[in-house]
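Each chain, letter by letter, is given below.
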Amino acid sequence: MMETGFDVVLALMLLGVGGWSIIARNMMTAVIIFIAYGLLLSLAWVRLHAVDVSLTEAAIGSGATGLLMVIAAHKVAGDSQRVVRLSRGFHVLAAVFATLVAIGIASLAFVLPGAPVSLAAPVLERLPESGLGNPVAGVLFVYRSFDTLLEKVVLLLALIGVWALARDQDWGGVPGLRLFQHPHSVLMLLARTLPPIGFVFAIYMTWAGADVPGGAFQGGTVLAAMWILVMVAGVRRVPRVSSPLLRLAIVAGPLVFLAIGFLGFVAPGVFLAYPDGLAKPLIVVMEVALTLSIAVILGLLIAGPPRAKDSA
Amino acid sequence: MSAVLLFWLAGSGLIGLAVYGLIVNPHPLCKLLALNLLGSGVFLLFGVIARRGAAAGLGGDPVPQALVITGIVVAFSATAIAVALLLALHAEAGEASLDQEDEEP
């Protein structure tokens, strides 16, 4: 009873806060409400017994996406005061259409097949052979590792896409992240005290991800958050995008993943398969390289395309 | 089972809200926000499907859960590109609204 009450309140809050972020007049307000919405959503994921997804939603869906949009909302703040001049009839039409879409999808709940389809049992059946205890990590790194490989490549392509938007004369320069270098600010204090804690936490999350919820992505995001904090406060410089060390860190994860994938041709004979008994150590090596690459790529995606060469 | 139905309804409601926002908000950043809301609603439906597949002592089917994790990451990558394009448009044109009524010659 208590739990149902909690779920009802959570579902109503999701709809209320989600709707608020849509109708909010000021863009910065809308973005900050969206971040709050993401945190509520990660609670819903816990209620759906998907703690791995909950961590990812809190870190990426709410945190990293929110940060990107806060930066964008700040830069386009001048546009936000504009009055939306759409006719009332158009608004009503859009509302009717959106309601129909929502009702249509909601009604699907009643035509779902009676006996749920589940791959939980087949996943658990052979999971011990991989040495992993977390079934979601098992799916990500064993059953569907091709998806995971492509996901990292998508991140890499996104970074190339963002960098491609740099003007020619800025190429090879420093990403245009806005810095707040005040020697006695709270930000400076946090940038000096928080990273060691965040660092240990990120390593723990990556390591523990093999057996309990967590993993390379969640750990990498925590690392990225620490790096951005350090860069924004000006404790460490934002590196040039032409730095060879930076580029090595960016491709380390996908390269190690691919190398281990090709190793599969040698030992079991199939791409992305692991040799007997070596699955766990190879997955850990992959996760370490991926954590580093994810942290660097996320940080650079948020920092944006390179700007003038002499800034920072 | 009621939690499953409840979050399904919440997910479809969120999709509806996002579709409305996607249509009526003329600013690209608002559209991007609505698109992310739309995505999260779809992911929530996926989560409900995963929860329905609870079996073998697990609270949910791990396969759709892993797919949602991949989905969240890909949605973030798309958002990062969209934000970069939006800011490039803003730097080029001085503003980034798609509201055509105010277009100056």
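The rules behind the values
Residues numbered from 1 in each chain as written. Chains lettered and ligands numbered in written order. Predicted model: local features only at pLDDT ≥ 70, side-chain atom pairs only at ≥ 80, totals over all residues. Helix = DSSP H or I, 4+ residues; strand = E, 2+ residues; numbered from the N terminus. Buried ≥ 20, exposed ≤ 12 C-beta atoms within 10 Å, placed from the backbone. Contact = placed C-beta atoms within 7 Å. Domains from an automatic or database assignment. Nonpolar A, V, L, I, M, F, W, Y, C, P; charged D, E, K, R; others polar. UniProt positions renumbered as here; feature names shortened; annotations may be inferred. pLDDT = per-residue confidence, 0-100. Core = buried A, V, L, I, M, F, W, Y, C linked by C-beta atoms within 7 Å. Expected span 1.5 Å × (residues − 1). Bend = angle between axes of the 7 residues up to and from the residue. Axes fitted to C-alpha atoms, helices over the stretch in contact; angles between N-to-C directions. Parallel < 35°, antiparallel > 145°, perpendicular 65-115°, else oblique. Left-handed = near helix turned anticlockwise from the far one by under 90°.

J.: Now, about the overall build of chain A: what can you tell me, with residues and values included?
T.: When you go through chain A residue by residue, the secondary structure sums to 11 helices and zero strands. Listed by position from the N terminus, the elements making up chain A come as α-α-α-α-α-α-α-α-α-α-α. If one aligns the C-alpha atoms of chain A with their principal axes, the spans along those axes are about 65 × 65 × 35 Å. For chain A, the residues scored as buried account for 41% of the 312 residues in total.

J.: Please give an account of the overall build of chain B that cites residues and values.
T.: When its secondary structure is counted, chain B shows three helices and zero strands. Within chain B, buried positions represent 63% of all 105 residues. Summarising the internal contacts of chain B: among those between residues at least 6 apart in sequence, 51% fall at separations of at least 24.

J.: How would you summarise the domain arrangement of chain A if you had to cite specific residues and measurements?
T.: For interface size, the figure often reported is the accessible area lost on association. Residues and elements named next belong to chain A. Splitting chain A by domain gives domain 1 (1–117) and domain 2 (135–312). Contacts between the two partners involve 10 residues from domain 1, matched on the other side by 10 residues from domain 2. Here the residues of the side of domain 1 that touches domain 2 are counted per class, giving seven nonpolar, two polar and one charged.

J.: How would you summarise the UniProt feature "domain: Na+/H+ antiporter MnhB subunit-related protein" (unreviewed entry) in chain A if you had to cite specific residues and measurements?
T.: What UniProt calls "domain: Na+/H+ antiporter MnhB subunit-related protein" (unreviewed entry) maps, in this numbering, to residues 187–298 of chain A. Between the end C-alpha atoms of residues 187–298 of chain A the distance is 20 Å, and the span holds 73% helix and 0% strand.

J.: Break down the confidence of the model for chain B for me, citing the residues and quoting the values.
T.: Residues and elements named next belong to chain B. In this model, chain B carries a mean pLDDT of 85, and residues with pLDDT of at least 70 account for 90%. Mean pLDDT in chain B bottoms out at helix 3 (residues 62–93), which sits at 89, and peaks at helix 2 (residues 28–52), which reaches 91. Overall fold confidence (pTM) sits at 0.89, and the ipTM for the predicted complex is 0.90.

J.: Describe the nonpolar core, listing the residues and the values that go with them.
T.: Generally speaking, soluble globular proteins have nonpolar side chains that are buried together. Core analysis: the biggest nonpolar cluster contains 118 residues, and F7, L29 and L33 of chain B have the highest contact counts within it. With 15 residues, helix 3 of chain B is the largest single contributor of residues to this core. Two domains share this core, each providing at least three of its residues, namely domain 1 (1–117) and domain 2 (135–312) of chain A. Sequence-distant contacts of L33 of chain B, defined by excluding residues within four places in its chain, comprise S21, A30, V31, F34 and M69 of chain A.

J.: How would you summarise the interface of chain B and chain A if you had to cite specific residues and measurements?
T.: On the side of chain A, 77 residues touch chain B, which itself brings 70 residues to the contact. Elements that contribute at least two residues to the side of chain B that touches chain A include exactly helix 1 (2–24), helix 2 and helix 3 of chain B. The leading source of residues in the side of chain B that touches chain A is helix 3 of chain B, at 22 residues. For the side of chain B that touches chain A, a count of residues per class yields 46 nonpolar, 18 polar and six charged.

J.: Residue-level account of unusual backbone geometry, with values.
T.: A positive phi is found at H49 of chain A, a non-glycine position, where the angle reads about 60°. Tracing the backbone shows H49 of chain A in the loop between helix 2 (27–47) and helix 3 (51–75).

J.: Can you tell me about the UniProt feature "transmembrane region" (unreviewed entry) in chain B, naming the residues and giving the values?
T.: Residues and elements named next belong to chain B. Under the UniProt annotation, the feature "transmembrane region" (unreviewed entry) is placed at residues 6–25, 32–54 and 66–89. Helix makes up 95% of residues 6–25 and strand 0%. Its end C-alpha atoms lie 28 Å apart. Measuring from the first to the last C-alpha atom of residues 32–54 gives 33 Å, for a span that is 91% helix and 0% strand.

J.: Got a sec to walk through the environment of L292 of chain A? Specific residues and values, please.
T.: When you line up the elements, L292 of chain A lands in helix 11 (residues 279–303). On the basis of neighbour counts, which here come to 21 C-beta atoms within 10 Å, the residue L292 of chain A falls in the buried class.

J.: Break down helix 10 (residues 244–266) of chain A for me, with residues and values.
T.: Residues and elements named next belong to chain A. For helix 10, with 23 residues, the first-to-last C-alpha span of 31 Å sits near the 33 Å given by 1.5 Å per residue. Bending of helix 10 peaks at approximately 45° at the position of A252, with proline P254 no more than four residues after it. Of the residues making up helix 10, those classed as buried are I250, G253, P254, F257 and I260. In the core, the buried residues of helix 10 are packed alongside helix 7 (145–163) and helix 11.

J.: Could you give an account of the packing of helix 8 (residues 186–208) of chain A against helix 9 (residues 216–232) of chain A, with specific residues and numbers?
T.: Residue and element names in this part refer to chain A. Two elements in contact, helix 8 and helix 9, have axes whose closest approach is 8 Å; the angle formed by their N-to-C orientations is 165°. When the axes of helix 8 and helix 9 are compared, the pair comes out roughly antiparallel. By crossing handedness, the relation of helix 8 to helix 9 is classed as left-handed. Of the residues in helix 9, those in contact with L187, L190, A191, L194, P195, G198, F199, F201, A202, I203, M205 and T206 of helix 8 are A216, Q218, G219, V222, L223, A225, M226, L229, V230 and V232. For the contact of helix 8 with helix 9, the class distribution of residues is 18 nonpolar, four polar and no charged.

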